[in-house]
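Structural overview for review
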Amino acid sequence: MNNDRLISMANQIADFFQSYPEAEAVEGIATHIQKFWDPRMRQGIFAHLNAGGAGLKPLTLKALQQLAAKQPDLVKSA
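Model, not experiment: these values are computed from the prediction.

Conventions adopted
- Residues numbered from 1 in each chain as written.
- Predicted model: local features only at pLDDT ≥ 70, side-chain atom pairs only at ≥ 80, totals over all residues.
- Heavy atoms only, no water.
- Helix = DSSP H or I, 4+ residues; strand = E, 2+ residues; numbered from the N terminus.
- Buried < 20%, exposed > 50% of the residue type's maximum accessible area, 1.4 Å probe, protein only.
- Expected span 1.5 Å × (residues − 1).
- Contact = heavy atoms within 4.5 Å.
- Polar contact = N/O pair within 3.5 Å; in protein donor to acceptor, adjacent residues only side chain to side chain.
- Phe/Tyr/Trp six-rings, centres within 6.5 Å; stacked < 30°, edge-to-face > 60°.
- Salt bridge = Lys/Arg side-chain N within 4 Å of Asp/Glu carboxyl O.

1. Points about the side chain of Thr60
- You can see Thr60 is positioned in helix H4 (residues 58–70).
- Given the relative accessible area of 0%, Thr60 is considered buried.

2. Regarding helix H1 (residues 3–17)
- Compared with an ideal rise of 1.5 Å per residue, which puts 15 residues at 21 Å, H1 spans 21 Å between its outermost C-alpha atoms and is within 8% of the ideal.
- Those residues of H1 that sit buried are Leu6, Ile7, Met9, Ala10, Asn11, Ile13, Ala14 and Phe17.
- Along its buried surface, H1 packs onto helix H2 (22–36), helix H3 (39–50) and H4.
- Its side-chain oxygen placed 3.1 Å from the backbone nitrogen of Asp4, Asn2 serves as the N-cap of H1.

3. A few points about the packing of aromatic side chains
- Taken as a whole and judged by the stated rule, the model has three aromatic pairs.
- Taken together, a centroid distance of 5.0 Å and an interplanar angle of 90° make the contact between Phe16 and Phe17 edge-to-face.
- The exposure class assigned to Phe16 is exposed, which follows from its relative accessible area of 57%.
- Residue classification places Phe17 among the buried positions, given a relative accessible area of 14%.
- Between the aromatic rings of Phe16 and Tyr20, the centroid separation amounts to 6.2 Å while the plane-to-plane angle is 40°, which identifies the pairing as tilted.
- Overall, Tyr20 belongs to the partly exposed group, its relative accessible area being 32%.
- In textbook terms, an aromatic cluster arises when at least three aromatic residues are bridged by ring pairs, as seen for Phe16, Phe17 and Tyr20.

4. Things to note about the pattern of salt bridges
- Taken as a whole, this structure holds four salt bridges when the rule is applied.
- For the salt bridge of Lys57 with Asp15, the shortest nitrogen-to-oxygen distance reads 2.4 Å. Remark: Asp15 occurs in helix H1 and Lys57 occurs in the loop between H3 and H4; sequence separation between them is 42 residues.
- Note on Asp15: relative accessible area 38%, which makes it partly exposed.
- Linking Glu22 and Lys62 is a salt bridge whose minimum nitrogen-to-oxygen distance equals 2.6 Å. Taken as a pair, Glu22 in helix H2 and Lys62 in helix H4 lie far apart in primary sequence, 40 residues in all.
- Judged by its relative accessible area of 38%, Lys62 falls in the partly exposed class.

This is the structure we're talking about:
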């Protein structure tokens, strides 16, 4: 899956959670990506994050950073 599609999908999740309080939104986005994205998708989005994360919305960035902090093995494989 290409980066543009992964960015779009991650940002769509952030759009869904946008009306939630920030901490709850960030947790919801991170949880969704962890539970429902296959490992190749997570690797792709973390590789994009490691390359600067262009195009990711602020909530998406925070969620990915939170997920990376909780599970650094996800980032290592990216």
